[in-house]
Structure formats: structure tokens, C-alpha cells
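Structural overview
If you want the building blocks of each chain, they are given just below.
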Amino acid sequence: MGILANHVPTIEQLKPGVVEVLENSTTVKKWFVSGGFATINPDSSLNINAVEAFSLEDFSAEAVKTGLAEAQRAASSGGTEEDQALAKVEVEVYEALQAALSK
Amino acid sequence: MFAVRTLARPAVATATSLSNAVQVRNMATLKEIQLRLKSVSNISKITKSMKMIASTKVAKAQRAMENARAYGNANNAVFLSAETKPASDSNSIFIAASSDRGLCGGIHSTVAKYTRNAIGGRPDVQVVVLGDKAKAQLSRTHRAAIALSFNQIGKDIPTFAEASAIVDIIKSSGVEFDNAHIVYNKFLSAISYEATAVEAYSEDTFKNSPNFAAFELEDDVLENLQEFTFANNVYWALVEGHAAEMAAKRSAMENATKNAGEMINKLTLTYNRGRQAVITNELIDIITGASAL
């Protein structure tokens, strides 16, 4: 979703993914965000509340690949429902990370 | 002559035995004072090191608090612009955010007093207590009102994981509320803090807020939003309360060290006076004895 000034006030839930901030037409800052909420208020201010956010340079593709493989294994290997759900969430996050890094 | 001599000796004997008793008593007092001096100086070493530890923790806690404040304000901006207000007869719960640790000044009693005043005379209000010390304070007056209590809080800077675990347990325990007042100590400066409350609302209260229609949102988002904002506010209260507690601990330990230092000075003076008295008495004995010969 793209947000410009004077967007309609909205409350959106965010899945783990990349947030791009265009400070002006040349500088773009990207962060990988762990998930949270974005709210646009009637006074045109945008608040993004996320538990964790890191700039994309801080991630290493190798670590992401190994992490993804482990999470996929844990998701399919069974265990309690909670463990499986946790592992599925991990898989989602890692897949989003990989997609973000490869772009 | 003979009589004078015999008369003289017994007098000397009693004088010596009396001064011996005085000496023994003074020695005992001297020993006591020495013991006290040693224990007070040990205490002052302990409080001084506690003060050092607390001041390093304050710096870290303050940084975390700045972040948490920005986070919490962003979180609550939605409710501000939606002008959410609880209904006048709403079901409120109070969450008293404090910690388990003592020796930090009046932190726990401030939170407990604020909570007590805010509850007023309302009979059905439930309280969730975070921290053993706050629980002890509140159980004195509102034992029946305490629905849940958490401990192991305040050991380190609170994390969002802790806050979300707390919210999780509150939800699963079935405590229902329309709005929650989270009472915590707001950090004003390195030497002052005050108790305030931040609000968290239920889905229905948010849906009924005057400006709610201005926002576009999908339906299933609302429950997640409520849980997320609740956890955010609990996190903010915990982090800021932690910073206030570290600052209060630092100033409490500083006062304790200062007081211990004063006690040491006074005790040292008394000790020296006692020591000099003993020496003077011994001198008197010697001189009296010498002059009697």
C-alpha cells in the first residue's frame, strides 16, 4: 500500500515485510519490519507501530537461507499445534526477508 | 605517722579498683563503638556500590524509555484522533505496574496510593498487579479486588515480549473490561517521578468513539488492533516505570550513603573521645600511684 499526504484515515495491519520511506525524490530508506499496525490519522500523520525494524543492510542472505530451511523443517516435522503455528510464522517472516533481499 | 600510712594505702587501693572498673567499662564501650563503626562502614560501602549500579542502569533505562515513549505516543494517536472515551458506567480494570524489588524509595507506595484513590469506593473494580511489592501494598486494602498478579518484573529493562505475555495471560484468564487504566510511575527527572495512568480500550469502546467512522479498516483487524495497542501501552508503562525506579533507587542509595557517612563521623568522634578518656584515666592512676609512694 502506498501512502501519500492527505491519505484517507486508515488502520492497517502489517505483515512482516519491507517499509520504504521516500524522503525526497532521490533518497529511499528501506527497513524490514516485523509486523504491526500502520495508522493514518485525520490530521494526515502516519504512525507505524512495529515491534522490531532493521535496515535491510543488516541482514545476511546466508543466515536468512539457513533460517528459512530450519523453520520449514520445524513446520513440517509436527510437534504440538503451537510449535507448528510458531514455525509457520517463522517461515513467513523468512520468506518475506528473502524476497526483500533479492529485490 | 603509722596511722597516716595505713590510712593512705587502703585509699589508694580503692582508687585503683574504682579506676579499673571505669577503665573496663570504657574499654567495653570502646569495643562497642568499634563494632558499630565497622558495621556502618560496611553498610556505606554496600549502599555506595548500589548507587553506582543504579546510576548505570538509569542511563540505559532512560534511553529505552525515550523509545518507548515515542512508541506509546504513536500507538495512542489513533485513540486521540478517534476521541475514544469510556462510557460513564463502563467496566474498568486497573493494572498497577511496579516491580518486585525494594530499596527504591517510594515507588511502590506511589503507584498503590494512586490506584487506591482512582478506585475510590467502587466495589466491582478488578486489579491486575505487576510486581510483588505493589501486590503487598495493595493487598493491605484491596485484597479481594486483585484478580491476577505477576512477578519477576523489574530485573532488567522490560521487553515487548514480556508485555505481550502479560496481555496474553490477562486475556486467557477471562478478565473482561471496557477500559483498562494502566498505573505507572512517570519519569519526570533524575530525582522526581509521579504516578499517572494510561488508558487501553476494548474493541467496543473503540467502535463507539465519536470519530471512529473517519477511519477505514477491515473488520477482522479490530481484535488484533485492540490486543496490539493494549500490549503497547503495557510495554510503555513497564519501561517508564523501570526508569523511574532506577532513578529513585539511585537517589535513595545516595541518601543512605550520605547518612552512613555522617554516622561514621559522629561515631569516630565519640570513639576518639572515649579513647582519650581511657588514656587520661590511666595517667591519673599512674600519677596518683606514683605520688602515694
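All chains use their own residue numbering, which begins from 1 and follows the written sequence. Each chain is given a letter, starting from A, and each ligand a number, starting from 1, according to the order in which they appear as written. Only residues with pLDDT of at least 70 get local features here, since the model is predicted, and only at 80 or more are side-chain atom pairs given and counted; chain-wide, interface and lining totals rely on the full set of residues. Only hydrogens and water are set aside when side-chain values are computed; all heavy atoms of the structure are taken into account.

1. Quick notes on the nonpolar core
Residue and element names in this part refer to chain B. Worth spelling out the cut-off: By convention a nonpolar core is built from buried Ala, Val, Leu, Ile, Met, Phe, Trp, Tyr and Cys residues, the set being connected through side-chain atoms within 4.5 Å. Exposed residues in this analysis have more than 50% of their type's maximum accessible area, buried residues have under 20%, and partly exposed residues fall in between, with area computed by a 1.4 Å probe over protein chains only. Strands here mean DSSP runs of E at least two residues long; helices mean DSSP runs of H or I at least four residues long; both are numbered from the N terminus. It only takes one pair of heavy atoms within 4.5 Å for two residues to be counted as in contact.
Residues Ile 95, Leu 130, Ile 170, Phe 206 and Phe 230 are the most contacted members of the largest nonpolar core, which totals 55 residues. Mapped by element, the contributors of at least two residues to this core are helix H1 (2–82), strand S1 (92–97), strand S2 (126–130), strand S3 (146–150), helix H4 (160–172), strand S4 (179–187), strand S5 (193–201) and helix H6 (221–292). Looking at this core, the element that brings in the most residues is H6, giving 17 residues. If we skip the residues at most four places from it in the chain, Leu 130 touches Ile 95, Ala 96, Ala 97, Ser 98, Ser 99, Phe 150, Ile 153, Ile 166 and Leu 238. Membership of the second largest hydrophobic core comes to twelve residues, among which are Phe 94, Ile 119, Val 127 and Val 129.

2. Topic: helix H3 (residues 132–142) of chain B
Those residues of H3(B) that sit buried are Ala134(B), Gln137(B), Leu138(B), Ser139(B) and His142(B). Where H3(B) is buried, its residues meet S1, helix H2 (107–119), S2 and S3 of chain B.

3. Examining the confidence of the model for chain B
Residues and elements named next belong to chain B. Condition: The score called pLDDT rates the predictor's confidence residue by residue, from a low of 0 to a high of 100.
On average, residues of chain B score 85 in pLDDT, and 91% of them are at 70 or above. Across chain B, the element-wise mean pLDDT spans from 79 in H1 up to 92 in H6. Overall fold confidence (pTM) sits at 0.81, and the ipTM for the predicted complex is 0.77.

4. Digging into the pattern of salt bridges
Residues and elements named next belong to chain B. Test applied: Note on definitions: salt bridges are taken to be side-chain nitrogens of Lys or Arg within 4 Å of carboxyl oxygens of Asp or Glu.
By the definition in use, this model includes two salt bridges over all chains. Among the ionic pairs, Glu 240 bridges to Arg 69, the shortest N-O distance being 2.6 Å. On the criterion of sequence distance, the pair formed by Glu 240 in helix H6 and Arg 69 in helix H1 is long-range, its members being 171 residues apart. Overall, Arg 69 belongs to the partly exposed group, its relative accessible area being 23%.

5. Section: the domain arrangement of chain A
All names here are of chain A. This is how it is decided: For the purposes of this description, domain bounds are those given by an automatic or database domain assignment. Computed with a 1.4 Å rolling probe, the buried area is the accessible surface lost when two parts are put together, summed over both parts. Polar contact criterion, stated in full: a pair of N or O atoms within 3.5 Å, where within protein one must be able to donate a hydrogen and the other to accept it, and residues adjacent in sequence count only if both atoms are side-chain atoms. Three residue categories are used. Nonpolar comprises Ala, Val, Leu, Ile, Met, Phe, Trp, Tyr, Cys and Pro, charged comprises Asp, Glu, Lys and Arg, and polar comprises the others, including Gly.
For chain A, the assigned domains read domain 1 (10–57) and domain 2 (59–101). Centre-to-centre, using C-alpha coordinates, domain 1 lies 22 Å away from domain 2. Counting the surface lost from both domain 1 and domain 2, the interface buries some 630 Å², and carbon and sulfur atoms represent 76% of this. Of all residues in domain 1, the largest losses of buried area upon contact with domain 2 belong to Pro 16, Phe 32 and Leu 56, amounting jointly to 70% of the total for that side. The interface formed by domain 1 and domain 2 contains zero salt bridges. Taken together, the links from domain 1 to domain 2 amount to zero residue pairs in polar contact (both at pLDDT 80 or more). Looking at the side of domain 1 that touches domain 2, its residues break down into five nonpolar, one polar and two charged.

6. Describing the UniProt feature "domain: ATP synthase F1 complex delta/epsilon subunit N-terminal" (unreviewed entry) in chain A
Selection criterion: UniProt positions are given in the numbering used here, feature names are shortened, and annotations may be inferred rather than shown by experiment.
Those residues carrying the UniProt feature "domain: ATP synthase F1 complex delta/epsilon subunit N-terminal" (unreviewed entry) are residues 1–44 of chain A in this numbering. Secondary structure across residues 1–44 of chain A divides into 0% helix and 50% strand, with the first and last C-alpha atoms of the span separated by 16 Å.

7. Quick word on the interface of chain A and chain B
At the junction of the two partners, chain A supplies 16 residues and chain B supplies 19 residues. Both sides of the chain A and chain B interface together cover about 1500 Å² of buried area, and 66% of this is carbon and sulfur. Per-residue buried area on chain A facing chain B is highest for Ile11(A), Phe37(A) and Asn49(A); these three make up 40% of the total on that side. Counting every contact that joins chain A to chain B gives zero salt bridges. Elements with a minimum of two residues in the side of chain A that touches chain B: strand S1 (10–14), strand S4 (36–40) and strand S5 (46–50) of chain A. By residue class, the composition of the side of chain A that touches chain B is eight nonpolar, seven polar and one charged.

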